[in-house]
Amino acid sequence: MLPPSSSSLAIFAVVASTVAAFQPFSSTQQPVLHHRRQVVLHDSSSSILGDACCSQGNDDAPLPPKPKGVIFDMDGTLIQHAIDFADMRRRIYEVADADPIGKDFPRTCVLTLAKELSEGGQLRANEIFADIEQKAIDDMKLMTGGVEMMRFLRDNGLKRAVLTRNLEKNVVHMLRMYLDELNLNEDGVAVEDALFHPIIARDTVAHPDATEPLKAKPNPDGILHVCSIWGCSPSEVIMVGDSANDDIAAANRAGCGGAVLLTQPGGKQLDTDSGYAVGDTEEEIRERTPSLRVESLLDLKECLEMLLEYQENKVERNDKEGLEFSTSGYSITIPSTGAKRV
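Note that this is a predicted model, so its numbers are computed, not measured.

Asker: Summarise helix H5 (residues 168–182); cite the residues concerned and give the values.
Answerer: Note: α-helices contain 3.6 residues per turn, so residues at a spacing of three or four share the same orientation. Over its 15 residues, H5 extends 21 Å from the first C-alpha to the last, a length consistent with the 21 Å expected when each residue adds 1.5 Å. Buried within H5 we find Asn170, Val171, Met174, Leu175, Tyr178, Leu179 and Leu182. Looking one or two residues beyond H5, the residue adopting positive phi is asparagine 183, at roughly 55 degrees.

Asker: I'd like to hear about empty space enclosed by the protein, residue by residue, with values.
Answerer: Rolled over the atoms, a probe sized like a water molecule indicates the empty space that remains. According to the stated counting rule, one finds five cavities of 30 Å³ or more in the structure shown. If you add up the space inside the largest cavity, you get close to 260 Å³. Lining the largest cavity are 21 residues, with Asp75, Ile83, Phe85, Arg165 and Asn166 positioned closest to its centre. Residues that form the lining of the largest cavity fall into these classes: six nonpolar, six polar and nine charged.

Asker: Before we move on, could you go through the pattern of salt bridges and cite the residues and values that matter?
Answerer: Under the defined criterion, the tally for this structure stands at 14 salt bridges. Arginine 90 serves as the salt-bridge partner of glutamate 94, at 3.2 Å between the closest nitrogen and oxygen. In this pair, glutamate 94 and arginine 90 are both assigned in helix H1 (residues 85–98), four residues apart and thus about one turn of the helix distant. Residue classification places glutamate 94 among the partly exposed residues on the basis of a relative accessible area of 44%. What emerges from the salt-bridge pattern is a single network uniting Asp87, Arg90, Arg91, Glu94 and Asp131.

Asker: An account of the packing of helix H4 (residues 146–155) against helix H10 (residues 297–311) is needed here, citing residue identities and associated values.
Answerer: Between H4 and H10, the least distance of the axes is 8 Å, while the angle of their chain directions is 20 degrees. As summarised for this structure, H4 and H10 are arranged roughly parallel, according to the angle between their axes. The chirality of how H4 crosses H10 is left-handed. Residues Gly146, Glu148, Met149, Phe152 and Leu153 of H4 form the contact with H10, whose own contacting residues are Leu297, Leu298, Leu300, Lys301, Leu304, Glu305 and Leu308. Per-class residue counts for the contact of H4 with H10 are eight nonpolar, one polar and three charged.

Asker: Describe the pairing of strand E6 (residues 237–241), with residues and values.
Answerer: In terms of residue burial, E6 counts as a mostly covered element, since five of its five residues are buried. Note: strand E3 (residues 69–72) against E6, four bridges, orientation parallel. Directly across from valine 70, in E6, lies its bridge partner isoleucine 238. The sheet contact formed by E6 and strand E7 (residues 258–262) spans four bridges and is parallel. From the neighbouring strand, glycine 241 faces E7, where its bridge partner is leucine 261. What joins E6 to E7 is helix H8 (residues 244–254), and the crossover it makes is right-handed.

About the cut-offs
Throughout this document, residue positions are counted from 1 along each chain, in the order its sequence is written. In keeping with the predicted nature of the model, local features appear solely for residues at pLDDT of at least 70, side-chain atom pairs appear and are counted solely at 80 or more, and the whole-chain, interface and lining totals rest on all residues. Side-chain descriptors were evaluated using all non-hydrogen atoms of the structure, hydrogens and water having been removed beforehand. Helix and strand assignments come from DSSP, with helices taken as H or I runs of at least 4 residues and strands as E runs of at least 2, each series counted from the N terminus. To estimate the expected span of a helix, count its residues, drop one, and scale the result by 1.5 Å. Throughout this description, buried means an accessible area under 20% of the type-specific maximum (1.4 Å probe, protein chains only), exposed means over 50%, and partly exposed covers the range between. Put plainly, a pocket is an open set of points on a 1 Å grid over the protein atoms alone with protein on both sides within 12 Å along at least five of seven lines, a cavity is a set where a 1.4 Å probe fits but cannot get out, and a lining residue has an atom within 4 Å of a point. Grid points are joined across faces, edges and corners, and a volume is the space filled by probe spheres set on the points. Just so you know the grouping, Ala, Val, Leu, Ile, Met, Phe, Trp, Tyr, Cys and Pro go in nonpolar, Asp, Glu, Lys and Arg go in charged, and all remaining residues, Gly too, go in polar. The working definition used for a salt bridge is a side-chain nitrogen of Lys or Arg within 4 Å of a carboxyl oxygen of Asp or Glu. The angle between two axes is taken between their N-to-C directions and runs from 0 to 180 degrees, where each axis is a line fitted to C-alpha atoms and a helix contributes only its stretch in contact. Between 65 and 115 degrees an angle is taken as roughly perpendicular, under 35 as roughly parallel, over 145 as roughly antiparallel, and anywhere else as oblique. In a left-handed crossing the near helix is turned counterclockwise from the far helix by less than a right angle, and in a right-handed crossing that turn is clockwise. Whether two residues touch is decided by their heavy atoms; if any such pair falls within 4.5 Å, the residues are in contact. For two strands to be treated as a pair, DSSP must find at least two bridges joining them. A right-handed crossover is one whose linking path, passing over the helix from the first strand to the second, runs clockwise when the strands point away from the viewer.

Below, the structure written as structure tokens:
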């Protein structure tokens, strides 16, 4: 890998954060959370480098030192954000308001609420989901950096899976777009095995005899099921998604070695709320706290590149000063308290 230019070196802020973007607190209310540090991008024009790739055998490490694979959310992560969640909530809640059973139910997660409606209400809710998701398919575009990320993971032998609250048939549409871009030959290879295995959607069952699908995020069951198929511990796995409430909470509940939140440029987060309430206890805030924030999949790819370089002994370790990444043309020193350009 060619060394990045000086303009691509990132400045990090490493914080034991309560993440005000997820749950606002006044200065007098803000609890002190004791958990692994969160690494965030400090300069939105730069790429992620350094600290996320450094900590070995350390609970504070934002990524596992020797990852076995990466689990990706789909909407807003592998493909560009195309679902209007505010419109979805409004339309499903209107169905519930008119439903003889649903009118008395609390307005919570739209998927959960839809299952509790009358037969007619469930039918109308499912029509709304189908309409919204079909529009997302029609407008589907791959996420910037997604193809490069998949190629990098394949080339380096890292496993890949999809965990989404969408439907399996919609994941297949996304998968075929990636296969076309990567020029992968599907002859003799099951579609789901060519790039991602397994694929877990909201209608995926754990085994053929199961009567109910796996519980959706933020429940950790999907991640644990992936790990059982991969034959590894969740601590060896990275979960990547754009929702702190769904993806990051599921990752932390499962005990993933990395819980990566993909944000918009500048750290902005889009509305990905399906409607369920989130708590404000210390534990609930911790569950929604990512170990690493990135603004693009290319940032995460660069982070993983440095992590693998470290594993190949291409960096020098200095326990007193931190890690020093040295190649021709640049050097980055990562002190124990943060990261800086040198």
